[in-house]
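# Overview (structure and organization)
Below, each chain spelled out in residue letters.
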Amino acid sequence: MNQWAIYSSDGRIARVYSGPEFEALLQPGTNEKVVQLPDHLNDATAYIEDDLVVEKQPFPFQIDKPQILADGNDTVTISNVPVGTMIIWHDGQEDVVNDGQVQLSTDLPGTYTLTFDAVPYLEQEVTIEAVAAT
């Protein structure tokens with residue numbers, strides 16, 4: 001049985017359909033297209049570019065440090081974040097990166113996980129540890 005990717009204009013795969021081609025061609029909604037997924041790729045690790053299924057790549061960002069003091073002043077900077085990347089903060093808030101970097105500071109000790117998502121990159125989590133100031 002063939003796998004078909006139903007995708008949006010930005011190349012993001014919205015869902016996968018399993019079945020014959022004539023049925024797959026009926027699946028796309030408004031502003032969606034369909035293309036056959038190769039057996040070695042899946043919707044979590046692929047996107048569509050120029051009607052071809054392409055493997056996603058890791059984000060190219062750099063993190064200046066994995067741990068900060070929970071003093072409200074110490075800051076971690078994640079740079080080289082592609083503009084347009086969706087970031088989901090540890091509290092569930094979502095933002096779009098507009099300037100190529102993300103900064104985090106806090107006065108509460110704990111582990112903070114940030115999720116980055118953008119086509120053509122693999123979704124990636126970054127964990128920052130905020131330790132109590134002594």
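Preceding block: the structure.
A few points on the structure. (Residues numbered from 1 in each chain as written. Predicted model: local features only at pLDDT ≥ 70, side-chain atom pairs only at ≥ 80, totals over all residues. Heavy atoms only, no water.)

## Brief notes about the side chain of Thr 115
Secondary-structure assignment places Thr 115 in strand β12 (residues 110–117). Excluding anything up to four places from it in sequence, Thr 115 contacts Met 86, Ile 87, Ile 88, Glu 123, Gln 124 and Glu 125. (Helix = DSSP H or I, 4+ residues; strand = E, 2+ residues; numbered from the N terminus. Contact = heavy atoms within 4.5 Å.)

## Some words on the packing of aromatic side chains
The tally for this structure, following the rule as stated, stands at four aromatic pairs. Ring centres of Phe 61 and Phe 116 lie 4.8 Å apart, and the angle between their planes is 50 degrees; this geometry places the pair in the tilted category. Pair noted here: Phe 61 is in the loop between β5 (52–55) and β6 (62–63) and Phe 116 is in strand β12, with a separation of 55 residues, a long-range link. The class for Phe 61 is buried, based on a relative accessible area of 10%. Relative accessible area serves as the criterion here: at 0%, Phe 116 is assigned to the buried category. (Phe/Tyr/Trp six-rings, centres within 6.5 Å; stacked < 30°, edge-to-face > 60°. Buried < 20%, exposed > 50% of the residue type's maximum accessible area, 1.4 Å probe, protein only.)

## Quick word on the pairing of β5
For strand β4 (residues 46–49) and β5, the ladder comprises four bridges, and the chain directions are antiparallel. Following the sheet pairing, Tyr 47 is matched in β5 by Val 54. Taking the residues between adjacent antiparallel strands as the criterion, β4 and β5 are bridged by two residues, where Asp 50 takes a positive phi near 55 degrees. (Pairing = 2+ DSSP bridges.)

## Regarding the nonpolar core
Residues Phe 61, Ile 78, Val 81, Ile 87, Val 102, Leu 114 and Phe 116 are the most contacted members of the largest nonpolar core, which totals 20 residues. One finds Leu 41, Ala 46, Ile 48 and Val 53 within the second-largest nonpolar core, a separate group that totals nine residues. (Core = buried A, V, L, I, M, F, W, Y, C linked by side-chain atoms within 4.5 Å.)

## So, the sheet that holds strand β2 (residues 13–18)
Note on sheets: strands pair through backbone hydrogen bonds, and any given pair is parallel or antiparallel. Strand order in the open sheet formed by three strands is β2-β1-β3, and the pairing between neighbours is antiparallel. The open sheet has two edge strands with one neighbour each: β2 and β3 (32–36). Going from strand to strand, the sheet's axes swing by 25 degrees on average, the running direction of each strand aside. As paired elements, strand β1 (residues 3–8) and β3 share five bridges and run antiparallel to each other. Counted as the bridge partner of Ser 8 is Glu 32 from β3. (Axes fitted to C-alpha atoms, helices over the stretch in contact; angles between N-to-C directions.)

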